[in-house]
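For reference, the chains in residue letters:
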Amino acid sequence: MGTTQLETVPEPKYWHLKTVLSEALDSEFAVGEILPNERDLAARFGVARATLRQALEQLELEGRLQRRRGVGTTVAPPRVGVAVDPVRHTWPGAAGDDWQPVDAVESETVPAAVADLLATAPGEPVHIVRRSRVTHGQPVAAELLYVLAAAVPDCVRAASLGAPARARAVLHELQRLELDGQDRTVELGSARAEDAKQLDRLPGAPVLVVTTRYVSGGRTTAVAVSTYRADTCRLTFGESDAVALLAG
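First, a word on scope: everything that follows refers to the structure included in this document. Quantities reported herein were computed from a predicted structural model and do not represent experimental measurements.

1. Points about the packing of aromatic side chains
What the rule picks out here adds up to three aromatic pairs. Relative to Trp15, the ring of Tyr14 has its centre 6.1 Å away and its plane inclined at 90°; by these criteria the two rings are edge-to-face. The class for Tyr14 is partly exposed, based on a relative accessible area of 23%. Accessibility expressed as a relative area gives 32% for Trp15, which makes it partly exposed.

Structure (structure tokens):
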């Protein structure tokens, strides 16, 4: 590869470099191919390594690159379309739900934002159901579903149940409730260590966080916090409009 010097441009240098790198990815590299190291790339484009890192981080955020443990930075495959709302007006775990139950525990401690949505009283127990989602053989999302214990009083808590069975028990009891409605928000975030491990990503990797609030009996009964890989997912909403949140 020859040496390419960047000309003076009005936009930030890392942003222009990102465009140049993106063109190089299209013309010189195949999906899954490992990029040269930072020193070689910085020399090729005549930029400081700090500028190069900014450009690489932006390309990772846009889903063009992936950082893989023990491998390096590779060219990412096209994003996978993931339907966020394939079955409308239903509880988690209903027929057509693509999530797989992993485990469930009961706790009196939940994140402050979730506690606010659930309007829990101090010490009020909550079931925390962990679920995962796999598409085309790769993990694309991890979820924590918080369910008011008082809303599912008949939930089986037998210690003899295996982890997935505990999760299914909570989901099964949810189906008995009448769902008044649901709403959701989406925001960009960074993968926590636990989510990163489940999603095979590095901690701090860009993710899309979808928070869904389920209302029953006039109050918020459950809150799902779903963490999607931002580098591989293209989220779609609704059954007919399929609005793309991120274009691949």
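2. Observations concerning helix H1 (residues 13-28)
Helix length check: H1 (16 residues) gives 22 Å between terminal C-alpha atoms against 22 Å at 1.5 Å per residue, within 8%. Along H1, the residues classified as buried are Leu17, Lys18, Val20, Leu21, Ser22, Ala24 and Leu25.

3. Description of the packing of helix H2 (residues 38-45) against helix H3 (residues 49-61)
H3 packs onto H2 with a crossing angle of 100° between their chain directions and a minimal axis gap of 9 Å. Considering their axes alone, H2 and H3 lie roughly perpendicular with respect to each other. Here Glu38, Arg39, Leu41 and Ala42 of H2 lie close against H3, whose contacting residues are Arg49, Leu52, Arg53 and Leu56. Across the contact of H2 with H3, the residue classes tally to four nonpolar, no polar and four charged.

About the thresholds
- Residues numbered from 1 in each chain as written.
- Predicted model: local features only at pLDDT ≥ 70, side-chain atom pairs only at ≥ 80, totals over all residues.
- Heavy atoms only, no water.
- Phe/Tyr/Trp six-rings, centres within 6.5 Å; stacked < 30°, edge-to-face > 60°.
- Buried < 20%, exposed > 50% of the residue type's maximum accessible area, 1.4 Å probe, protein only.
- Helix = DSSP H or I, 4+ residues; strand = E, 2+ residues; numbered from the N terminus.
- Expected span 1.5 Å × (residues − 1).
- Axes fitted to C-alpha atoms, helices over the stretch in contact; angles between N-to-C directions.
- Parallel < 35°, antiparallel > 145°, perpendicular 65-115°, else oblique.
- Contact = heavy atoms within 4.5 Å.
- Nonpolar A, V, L, I, M, F, W, Y, C, P; charged D, E, K, R; others polar.

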